[in-house]
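Each chain, letter by letter, is given below.
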Amino acid sequence: MKPKLTLVGAGPGDPELISLKGMKAIQSADVVLYDALVSTELLAYAPVHARIIYVGKRRGRCEFVQQDLNQLIVDYALNYGHVVRLKGGDSFVFGRGYEEITFAREFGIETTVVPGISSSIAVPALAGIPLTCRGVSESFWVLTGTTKNHTLSKDVAKAVQSSATLVILMGMQHLSQIVAELTNAGKADTPIAVIQNGSTADEKMGLGTVETIVEVVEKEELTNPAIIIIGEVVRLHPAFEKGRIEVFLALG
């Protein structure tokens, strides 16, 4: 069997949001290595003979460090053939996909990338929050809230100076710091949405402002996996009313 690696973006969580090309890749897999944020419903489409291995990472839990995972991909490809690396969202948006295909290529393994719908775009859209809207927001930033050193990205301090919509992934553990940056920039009244488990049946949303969002998150026990959306477009959500904060189950 010819060694091959296909990176497949599985989308934000809803299994129906994977692409047709991504589904076909799963159906032709000899090995599927899947992440924590991937819907396990997608695994049913793998062939009966395929080896299914969980390699997910969550804060505080990690089945494999990245270097070991890179080697695991190579070993499975060389020994079994077609490896599908099934990753949440899009493999090239904070997914470390480029590292994985670069390592595989060093061993002469054929590589293919199937893009996925990033949660940074899909989750706000599904919640009814446009990232751009004429007369409200002309652009948006997508940032990681946590760097490889587990600190808040320095880009956040630059982004808060902009009038653009901000979408922050992996930022919940630094929410207080993000709020401080926005407050220092004079944006205490800016609306924020925090969406946990976006696009799934367990989705929850918290709406507030920079001044109130920490209290909202603590009260409702919102946590990872979640995205943070900051900007005037959040006011376009039907549940957001000036002077009132509403926290609700988005699918309830």
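Residues numbered from 1 in each chain as written. Predicted model: local features only at pLDDT ≥ 70, side-chain atom pairs only at ≥ 80, totals over all residues. Heavy atoms only, no water.

1. A few points about the pattern of salt bridges
And then number 1: For the structure on display, the rule yields seven salt bridges.
And then number 2: Ionic pairing is found between Lys87 and Glu100, a salt bridge with its closest N-O pair at 3.1 Å. Taken as a pair, Lys87 in strand β6 (residues 82–87) and Glu100 in helix α3 (residues 97–105) lie far apart in primary sequence, 13 residues in all. This pair shows no difference in class: Lys87 is buried, exactly as Glu100 is.
And then number 3: Taking the shortest distance from any N to any O, the salt bridge between Arg235 and Glu232 comes out at 2.7 Å.
And then number 4: Since its relative accessible area comes to 27%, Arg235 is described here as partly exposed.
And then number 5: Residues joined in a network through salt bridges with shared partners are Asp35, Arg85, Lys87 and Glu100. (Salt bridge = Lys/Arg side-chain N within 4 Å of Asp/Glu carboxyl O. Helix = DSSP H or I, 4+ residues; strand = E, 2+ residues; numbered from the N terminus. Buried < 20%, exposed > 50% of the residue type's maximum accessible area, 1.4 Å probe, protein only.)

2. Considerations on the packing of helix α6 (residues 175–184) against helix α7 (residues 213–220)
In a pair of packed helices, the angle between the axes and the distance between the axes together describe the arrangement.
And then number 1: Where α6 meets α7, the closest approach of the two axes is 10 Å, and the angle between their N-to-C directions is 160°. Judged on the interaxial angle alone, α7 and α6 are roughly antiparallel. Once α6 is placed against α7, the crossing between them reads as right-handed. Only Ile213, Val214 and Val217 of α7 make contact with α6, whose side of the interface consists of Leu175, Ser176 and Val179.
And then number 2: Per-class residue counts for the contact of α6 with α7 are five nonpolar, one polar and no charged. (Axes fitted to C-alpha atoms, helices over the stretch in contact; angles between N-to-C directions. Parallel < 35°, antiparallel > 145°, perpendicular 65-115°, else oblique. Left-handed = near helix turned anticlockwise from the far one by under 90°. Contact = heavy atoms within 4.5 Å. Nonpolar A, V, L, I, M, F, W, Y, C, P; charged D, E, K, R; others polar.)

3. Some remarks on helix α2 (residues 66–80)
And then number 1: Taking 1.5 Å per residue as the helical rise, α2 with its 15 residues ought to reach 21 Å, and the 21 Å between its terminal C-alpha atoms agrees with that figure.
And then number 2: Taken together, the buried positions of α2 are occupied by Gln66, Leu69, Asn70, Leu72, Ile73, Val74, Tyr76 and Ala77.
And then number 3: Positive phi shows up at Gly81, right after α2, with a value of about 115°. (Expected span 1.5 Å × (residues − 1).)

4. Quick word on the pairing of strand β9 (residues 165–169)
Regular strands have side chains that alternate between both faces of the sheet.
And then number 1: A large share of β9 lies buried, amounting to five of its five residues.
And then number 2: What you see with β9 is no split at all: Thr165, Val167 and Leu169 on one side and Leu166 and Ile168 on the other are buried throughout.
And then number 3: Note: strand β8 (residues 140–144) against β9, five bridges, orientation parallel. The partner of Trp141 across the bridge, within β9, is Leu166.
And then number 4: Bridge analysis of β9 against strand β12 (residues 226–230) gives four bridges, and the strand direction is antiparallel. When the bridges of β12 are listed, Leu169 appears paired with Ile227. (Pairing = 2+ DSSP bridges.)

5. Remarks on the nonpolar core
And then number 1: Core analysis: the largest hydrophobic core is formed by 22 residues, its most contacted members being Ile178, Ile192, Val194, Ile213, Ile228 and Ile230.
And then number 2: Every element with two or more residues in this core is listed here: α5 (155–159), β9, α6, β10 (191–196), α7 and β12.
And then number 3: It is α6 that contributes the most residues to this core, four residues altogether.
And then number 4: Once residues within four sequence positions are removed from consideration, Ile230 is found in contact with Ala164, Thr165, Leu166, Ile168, Ile178, Leu182, Thr190, Pro191 and Ile192. (Core = buried A, V, L, I, M, F, W, Y, C linked by side-chain atoms within 4.5 Å.)

6. Focus on the confidence of the model for the protein chain
Any residue range with low pLDDT should be treated as having predicted coordinates unsuitable for detailed reading.
And then number 1: Put simply, the protein chain has an average pLDDT of 92, and 93% of its residues get 70 or more.
And then number 2: Segment residues 242–252: pLDDT under 50, and 25 contacts once partners within four positions in sequence are set aside and those in other chains are kept. (pLDDT = per-residue confidence, 0-100.)

7. Re the packing of aromatic side chains
And then number 1: Across all of its chains, the model carries four aromatic pairs by this definition.
And then number 2: On the basis of an interplanar angle of 50° and a centroid distance of 5.2 Å, the ring pair of Phe103 and Phe107 is categorised as tilted. (Phe/Tyr/Trp six-rings, centres within 6.5 Å; stacked < 30°, edge-to-face > 60°.)

8. Structural notes on the sheet that holds strand β1 (residues 4–9)
And then number 1: With respect to topology, five strands assemble into an open sheet ordered β3-β2-β6-β1-β7, the strand pairing being parallel. In this open sheet, the two strands that pair with only one neighbour each are β3 (51–54) and β7 (110–114). Within this sheet the neighbouring strands show an average axis-to-axis angle of 15°, counted without direction.
And then number 2: Pairing of strand β2 (residues 31–34) with β3 involves four bridges; the strand directions are parallel. What sits directly across from Val32, in β3, is Ile52.
And then number 3: The strands touched by α2 within the sheet are β1, β2, β3 and β6, with β6 carrying the most contacts at an inclination of about 145°.

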